[in-house]
Amino acid sequence: MSEQIRIVVAGAERQVDAGTTAADLFADERTVIAARVGDDLVDLSRALNDGEKVEPVEIASDDGRAILRHSTAHVLAQAVQELFPEAKLGIGPPVENGFYYDFDVAEPFNPDDLKRIEKQMQRIIKERQQFVRRAVADDDARAELAGEPYKLELIGLKGGAADAAEGASAEVGAGELTIYDNVRRGGEVAWKDLCRGPHVPTTKHVPAFKLMRVAAAYWRGSEKNPQLQRIYGTAWESKEELQAYLDRLAEAERRDHRKLGAELDLFSFPDEIGSGLPVFHPKGATIKMEMENYSRQRHIDAGYSFVSTPHITKAHLFETSKHLEWYADGMYPPMHLDEERDADGNIKRQGQDYYLKPMNCPMHNLVFRSRGRSYRELPLRLFEFGAVYRYEKSGVVHGLTRARGFTQDDAHIYCAREDMKEELARLLTFVLDLLADYGLDDFYLELSTRDPEKSVGDEQTWKEATQILEQVGTESGLELLPDPGGAAFYGPKISVQAKDAIGRTWQLSTIQLDFFEPELFELEYTAPDGSRQRPVMIHRALFGSIERFLGVLTEHYAGAFPPWLAPVQVVGIPIADQHTPHLDDVADRLRARGVRVEIDTSDDRMQKKIRNAQKQKVPYMLLAGDDDVAKGAVSFRYRDGTQKNGVPVAEAIEEIVSAVERRVQV
RNA sequence: GCCCGAAUAGCUCAGCUGGUCAGAGCAACCGCCUUGUAAGCGGUAGGUCGUCGGUUCGAAUCCGACUUCGGGCUCCA
């Protein structure tokens, strides 16, 4: 008769033999791959103690998938070391949708290696190797892992692992060190790795995985460290889920704005101009113009004043703003102008450095400072579609979402300190309303706070600004996530993150509070009592960059823009040549209402014209044949393939105009 | 900036280990054709194989540098 213990299993108290494991409890449930005891995730093989609360962890849960992915990373590392015995192990944590493992190898992996590694992983999975946990003393671990320099480094960092590198905490936790042995059925240890766990019980518990790509990554995330070879993979609880994930990736690829931009003839990045510098073709420029026009109108309605400032300026301005002190790396190098030399090469006249502007705020400050300002003018909201140029590092440029030249829908609001909270709250409402009109309505907020290494000003002022932003963010009712150290050098910010049609999030609007630039520029206004006061400055961009937002919208809509933004809103398709005049007449009436309409008079056949318009994702195809002409009607074909025949022309026009005016998607 | 990969006609791509390798489809242009919801038929034109240099009797093919792109890392005021 063995000793009994009392435990709580999934909420129900039970009495079991001492030494009972979680695996015993959930033996019938094949989808349970780990257990949660109290707050900790543990292996199923862990023996339970008296009084513990045990919950099953399903493989299809967030925790379950993370464990599965972490275990798959182990299988990957084992496969790599079997094929490349000289490979040294870095770290191998689960990440969103998958996992990676870093290796130090003499030769980088190539795509063929990836296939071989994948095969080797399948072999290991087939062998049904057990993941066996074993606690080790630090010194013993050092001895056992003498051949793994990176693991040794992690042992040294134990406890501080969370700071050591993202993912390092998956290897060494804060408590005792553990090693996981991968044990073959005969009891032979096939492989081992320093790891905190937990893991799935055996390699056979990896139902579906795929290696995705190789890339280099700096050891512990620092540019100063050597680069390791990182292999990314994904793992899922079933083949179906894996396939669904791959389908989602394929869907994202279909929506890629760089691809759609070329297919829909919206924009391009000519090599001749340079990296990260887009040109907009007529159709892309039409969308951009519509976006700007609507935004402009909304800003007028909201009491903004419009300004316009140059693209380049003398260095002094950016010295004043401290951009050259804090941000010179991100700026294009200066143009040195106006220097004169005599015949001997001696400088007769000192030259000047001119810089392309990376931000508009210093220029707006000069507008503010151009004359005396009264409290009656505040809040003064200066708005500009300002073109800025940032010398992004060559490896980060990415389509329209990370360009070197782009247009900010930038405003700087100067207001009295006591008014800033109200102004910020109004601003947030304005931002969210406007974004919703562009078809985005699923948001959360992020509060980016000071990075002491990269900021100007004093702690107290930062604290005050951060508190106000936090308050406004919280009061908005939206979820507010912290982003420590993410602030600009001059102040904290709230950013609006928007979810798109397939659930990806994009950082769009930013609202930054700045007490320092007004000081640097010695901005002042006269208060009611005649005293001189310093205004607070709010930096804000709604789209962030118009180009980037256009890219985001392209992906959000998969190129099928709502009628008000669609570059071509209507294509008229005659069934045969003789129906063209009827459509021309309809087109004239649509144009008179401001609709962008084209009649396809090419000598393609009707079916081909439909295909062409469909591929261009034109919202409305208007067909006309004998029946329609006779009745003074047109026939609609919509993007989804549905049709509505014999619609009287006047009615058809109203339907289209109404959809454009209401900015709805169809 | 770092690592890996890529660059062939406007687009998508074929062209294997250097020697009929300058190719296809779509697009463009020219003809013919045209009646109801995603590709009618035929023809023509179009490329110093990203650029520059090297190896070689010979380079789209091998090597180097640069440019641009892609995937990551780092970065993103």
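Residues numbered from 1 in each chain as written. Chains lettered and ligands numbered in written order. Predicted model: local features only at pLDDT ≥ 70, side-chain atom pairs only at ≥ 80, totals over all residues. Heavy atoms only, no water.

Chemist: How would you explain the confidence of the model for chain A if you had to name every residue and give the values?
Modeler: When pLDDT is averaged across chain A, the result is 91; 97% of the residues are at 70 or more. The low-confidence segment residues 160–164 (pLDDT under 50) makes five contacts with residues lying over four places distant or belonging to another chain. (pLDDT = per-residue confidence, 0-100. Contact = heavy atoms within 4.5 Å.)

Chemist: Describe the sheet that holds strand S27 (residues 505–514), listing the residues and the values that go with them.
Modeler: Here we have eight strands laid out as an open sheet, ordered S16-S22-S23-S30-S27-S26-S24-S25, and mixed in their pairing. Of all strands in the sheet, those with a lone pairing partner are strand S16 (305–306) and strand S25 (480–483), marking the two edges. With ten bridges connecting them, strand S22 (residues 380–389) and strand S23 (residues 405–415) associate as antiparallel partners. Following the sheet pairing, glutamate 384 is matched in S23 by aspartate 410. Sitting on the sheet, helix H12 (residues 361–369) touches S22, S23 and strand S30 (536–541), and the angle it makes with S23 is about 40°. Along the sheet, helix H16 (residues 546–556) contacts S22, S23 and S27; its crossing angle with S27, the most-contacted strand, is approximately 150°. (Pairing = 2+ DSSP bridges. Helix = DSSP H or I, 4+ residues; strand = E, 2+ residues; numbered from the N terminus. Axes fitted to C-alpha atoms, helices over the stretch in contact; angles between N-to-C directions.)

Chemist: How would you sum up the environment of tyrosine 444? Please name residues and give values.
Modeler: Among the structural elements, tyrosine 444 can be located in strand S24 (residues 443–448). Along the primary structure tyrosine 444 and alanine 541 are separated by 97 residues, whereas in three dimensions their C-alpha atoms are 16 Å apart. Setting aside anything within four residues of it in sequence, one finds tyrosine 444 in contact with Glu479, Leu481, Ser495, Val496, Gln497 and Thr505.

Chemist: Please set out the state of the cysteines residue by residue, giving values where relevant.
Modeler: Counted by the stated rule, this structure contains zero disulfides. With no disulfide of its own, cysteine 361 lies closest to cysteine 415 among cysteine sulfurs, the gap being 16 Å. Given a relative accessible area of 0%, cysteine 415 falls into the buried group. (Disulfide = S-S within 2.5 Å. Buried < 20%, exposed > 50% of the residue type's maximum accessible area, 1.4 Å probe, protein only.)

Chemist: Can you explain the protein's contact with RNA strand B? Please cite residues and give values.
Modeler: In the neighbourhood of RNA strand B, 55 residues make up the surrounding shell, with Gln227, Tyr327, Arg390, Ala488 and Gln578 lying closest. In RNA strand B, atoms within 4 Å of the protein come 52% from sugar and phosphate. At a separation of 2.8 Å, a base oxygen of RNA strand B approaches a polar backbone atom of aspartate 627. Broken down by secondary-structure element, the contributors of at least two residues to the surface near RNA strand B are strand S12 (208–218), strand S13 (227–236), helix H18 (606–615), helix H19 (626–631), strand S34 (633–638) and strand S35 (643–648). Among the elements that line the surface near RNA strand B, the one with the most residues is H18, at six residues. Residue composition of the surface near RNA strand B, grouped by class: 19 nonpolar, 17 polar and 19 charged. (Near = heavy atom within 4 Å. Polar contact = N/O pair within 3.5 Å; in protein donor to acceptor, adjacent residues only side chain to side chain. Nonpolar A, V, L, I, M, F, W, Y, C, P; charged D, E, K, R; others polar.)

Chemist: Outline the packing of aromatic side chains, listing residues and values.
Modeler: A full pass over the atoms with the stated rule returns 27 aromatic pairs. Aromatic side chains tryptophan 236 and tyrosine 245 sit 5.2 Å apart centroid to centroid with 35° between the ring planes, which places their arrangement in the tilted category. Assessed through its relative accessible area of 3%, tryptophan 236 is described here as buried. Put simply, the rings of Tyr294, Tyr438, Phe543, Phe549 and Trp564 pair up and form one aromatic cluster. (Phe/Tyr/Trp six-rings, centres within 6.5 Å; stacked < 30°, edge-to-face > 60°.)

Chemist: Please give an account of the sheet that holds strand S9 (residues 130–136) that cites residues and values.
Modeler: What the three strands build is an open sheet, ordered S9-S10-S11; its pairing is antiparallel. With one partner strand each, in any of the chains shown, S9 and strand S11 (189–194) form the two edges of the open sheet. The sheet shows a mean angle of 25° between the axes of neighbouring strands, direction not considered. Bridging between strand S10 (residues 177–183) and S11 involves five bridges; their strand directions are antiparallel. By the bridge assignment for S11, asparagine 182 is matched with tryptophan 191. The strands touched by helix H2 (residues 62–83) within the sheet are S9, S10 and S11, with S11 carrying the most contacts at an inclination of about 120°.

Chemist: Lay out a positive patch on the surface with the relevant residues and their values.
Modeler: The grouping of Arg30, Lys119, Arg123, Lys126, Arg128, Arg185 and Lys204 at the surface amounts to a positive patch. With respect to the helices, strands and loops of the structure, arginine 185 is situated in the loop between S10 and S11. (Patch = residues over 30% accessible without salt bridge, like charges linked within 9 Å, V, L, I, M, F, W, Y side chains within 5 Å. Areas by Shrake-Rupley, 256 points an atom, 1.4 Å probe, with all protein chains shown as cover. Salt bridge = Lys/Arg side-chain N within 4 Å of Asp/Glu carboxyl O. Lys, Arg positive; Asp, Glu negative; His and termini not counted. Charge placed at Lys NZ, Arg CZ, Asp CG, Glu CD.)

Chemist: Break down a nonpolar patch on the surface for me, with residues and values.
Modeler: A cluster of nonpolar side chains, namely Ile312, Met335 and Leu337, defines an oily patch on the protein surface of about 210 Å² accessible area. Assignment of secondary structure puts leucine 337 in strand S18 (residues 335–337).

Chemist: Tell me what's going on with helix H7 (residues 239–255), and back it up with residues and numbers.
Modeler: With 17 residues, H7 extends 24 Å between its outermost C-alpha atoms, agreeing within 8% with the 24 Å of an ideal straight helix rising 1.5 Å per residue. Listed in full, the buried residues belonging to H7 are Leu242, Tyr245 and Arg255. Take H7 and look down its axis: the buried residues cluster within an arc of 145°, on one side only. H7 presents Lys239, Glu240 and Glu253 as exposed residues on the side facing more than 90 degrees away from its buried surface. Buried residues along H7 sit in contact with S12, S13, helix H8 (257–263) and H16. (Expected span 1.5 Å × (residues − 1). Arc of directions from axis to C-beta.)

Chemist: How would you summarise the domain arrangement of chain A if you had to cite specific residues and measurements?
Modeler: Buried accessible area, meaning the area lost when the parts come together, often serves as the stated size of an interface. Here chain A is partitioned into domain 1 (4–58), domain 2 (62–250), domain 3 (279–331 + 356–390 + 398–556) and domain 4 (570–661). Placing the centre of domain 1 and that of domain 2 at their C-alpha centroids yields a distance of 26 Å. Listed by partner, the interface residues are nine residues for domain 1 and ten residues for domain 2. In total, about 760 Å² of surface goes out of reach between domain 1 and domain 2, with carbon and sulfur atoms giving 59% of it. On the domain 1 side of the interface with domain 2, the three residues burying the most area are Ile33, Leu41 and Asp43, jointly 65% of the side's total. On inspection of domain 1 and its partner domain 2, the count reaches one salt bridge. Linking arginine 36 and aspartate 63 is a salt bridge whose minimum nitrogen-to-oxygen distance equals 2.2 Å. (Domains from an automatic or database assignment. Buried area = accessible area lost by both parts, 1.4 Å probe.)

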